[in-house]
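# Close look at the chain arrangement
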Amino acid sequence: MDALIHSILAFSYAGLFLIVFAETGLLLGLILPGDSLLIVAGILAASSGAGHLKLAGVMGAVVAGALLGSIVGYLIGRRFGPQVFRRERSRFFRPEYLTQAQHFFERYGALAVIAARFVPFVRTIVPTLAGVSSMSRRAFGMHSLIGAVLWGAGLPALAYLLGQRVPHLDRYVLLIVGVVLALSLVPVVLKVMQARRPA
């Protein structure tokens, strides 16, 4: 966690933008910090020891990275997805999976794009799947913007407010991040358990 804090302070807003962009746009959600990054940045913005990091700058960098990253992920899916899902014998990219994705986004498109922003790993693949399923560019862009603002501005703002009200909160960043990550993974765990139940 110390390395993450030093990285944020070293690269400031540009680093925040690039990490958030890569998490979604370059499909690197499995190895990049995501929620923890936003929480740490918000707390550091409230800390007197990190005065050069301002909340407005943090939110602007994160929202921009989230929106542009999701658009790139969508375009990647739209451009290369149909070719990938033509493999009849593929384990993960069968044509019927593409059909299922299309039905899913027809039914839950707006909610999926917005809600996925708050779930680790899921926010990495949803933009690409939306592109693969040929979800409307306009609909995806609008709901991706809403999700980017709610997540990219909301999470750092909450961490900032908490950091202002709790003295020396930056000392407990690791514990806070762990709790948030555990809570954000609950929907994924419940969905996996539900899928494994016998019909």
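Because the structure is predicted, anything quoted here is derived from the model rather than measured. Sequence order sets the numbering: in each chain, residues are counted from 1 along the sequence as written. For this predicted model, a pLDDT threshold of at least 70 governs which residues receive local features, and a threshold of 80 or more governs which side-chain atom pairs are given and counted, while totals over whole chains, interfaces and linings are taken from all residues. Where side-chain values are given, they derive from all heavy atoms of the structure, hydrogens and water being excluded.

## As for the UniProt feature "transmembrane region" (unreviewed entry) in the protein
- UniProt positions are given in the numbering used here, feature names are shortened, and annotations may be inferred rather than shown by experiment. The UniProt record marks residues 7-32, 52-77, 140-160 and 172-190 with the feature "transmembrane region" (unreviewed entry), using the residue numbering of this structure.
- The secondary structure listing takes helices from DSSP runs of H or I that are at least 4 residues long and strands from runs of E that are at least 2 residues long, numbered from the N terminus. As annotated, residues 52-77 comprises 88% helix and 0% strand, and the C-alpha atoms at either end are separated by 38 Å.
- In residues 140-160, helix accounts for 100% and strand for 0%; the two terminal C-alpha atoms are 29 Å from one another.

## Let's talk about helix α2 (residues 35-46)
- A helix's residues, less one, multiplied by 1.5 Å, set its expected span. Compared with the 16 Å implied by 1.5 Å per residue over 12 residues, the 17 Å span of α2 between its first and last C-alpha is a close match.
- Exposed residues in this analysis have more than 50% of their type's maximum accessible area, buried residues have under 20%, and partly exposed residues fall in between, with area computed by a 1.4 Å probe over protein chains only. By the criterion of burial, α2 is predominantly enclosed, with 11 of the 12 residues buried.
- Among the residues making up α2, those that are buried are Asp 35, Ser 36, Leu 37, Leu 38, Ile 39, Val 40, Ala 41, Gly 42, Ile 43, Leu 44 and Ala 45.

## Some points on a nonpolar patch on the surface
- Patch membership requires over 30% relative accessible area and the absence of a salt bridge. Like charges are linked within 9 Å, and nonpolar side chains (Val, Leu, Ile, Met, Phe, Trp, Tyr) within 5 Å. All accessible-area figures derive from a Shrake-Rupley calculation using a 1.4 Å probe, and residue coverage is judged against the displayed protein chains alone. Here, a salt bridge means any side-chain nitrogen of Lys or Arg that lies within 4 Å of a carboxyl oxygen of Asp or Glu. Where nonpolar side chains cluster on the molecular surface, the patch consists of Phe 118, Met 142, Ile 146 and Leu 150 and spans about 360 Å² of accessible area.
- Within the secondary structure, Ile 146 is located in helix α6 (residues 137-165).

## Remarks on the pattern of salt bridges
- Counted by the stated rule, this structure contains 1 salt bridge.
- A salt bridge links Arg 123 to Glu 23; its shortest N-O distance comes to 3.0 Å. One end of the pair, Arg 123, is in helix α5 (residues 122-132); the other, Glu 23, is in helix α1 (residues 2-25), and 100 residues separate them in sequence.
- Residue classification places Glu 23 among the buried residues on the basis of a relative accessible area of 2%.

## Focus: the packing of α2 against α6
- Fitted lines through C-alpha atoms give the axes, limited to the stretch in contact for helices. The angle between two N-to-C directions lies from 0 to 180 degrees. Direction vectors running N to C along α2 and α6 enclose 45°, while the axes themselves pass 7 Å from each other. Taken together, the axes of α2 and α6 are oblique relative to one another. In terms of crossing hand, the pair formed by α2 and α6 is right-handed. Every residue of α6 that contacts α2 at Asp 35, Leu 38, Ile 39, Gly 42, Ile 43, Ala 45 and Ala 46 is listed here: Trp 151, Gly 152, Leu 155, Pro 156, Ala 159, Tyr 160, Gly 163 and Gln 164.
- Amino acids outside the nonpolar list (Ala, Val, Leu, Ile, Met, Phe, Trp, Tyr, Cys, Pro) and the charged list (Asp, Glu, Lys, Arg) are all regarded as polar, and Gly is one of them. Partitioned by chemical class, the residues of the contact of α2 with α6 number 10 nonpolar, 4 polar and 1 charged. Throughout, the term roughly parallel applies to angles under 35 degrees, roughly antiparallel to angles over 145, roughly perpendicular to angles from 65 to 115, and oblique to all others. Put simply, a crossing is left-handed when the front helix is turned counterclockwise from the back one by less than a right angle, and right-handed when it is turned clockwise. Only heavy atoms matter for contacts: two residues are in contact if any of them lie within 4.5 Å across the pair.

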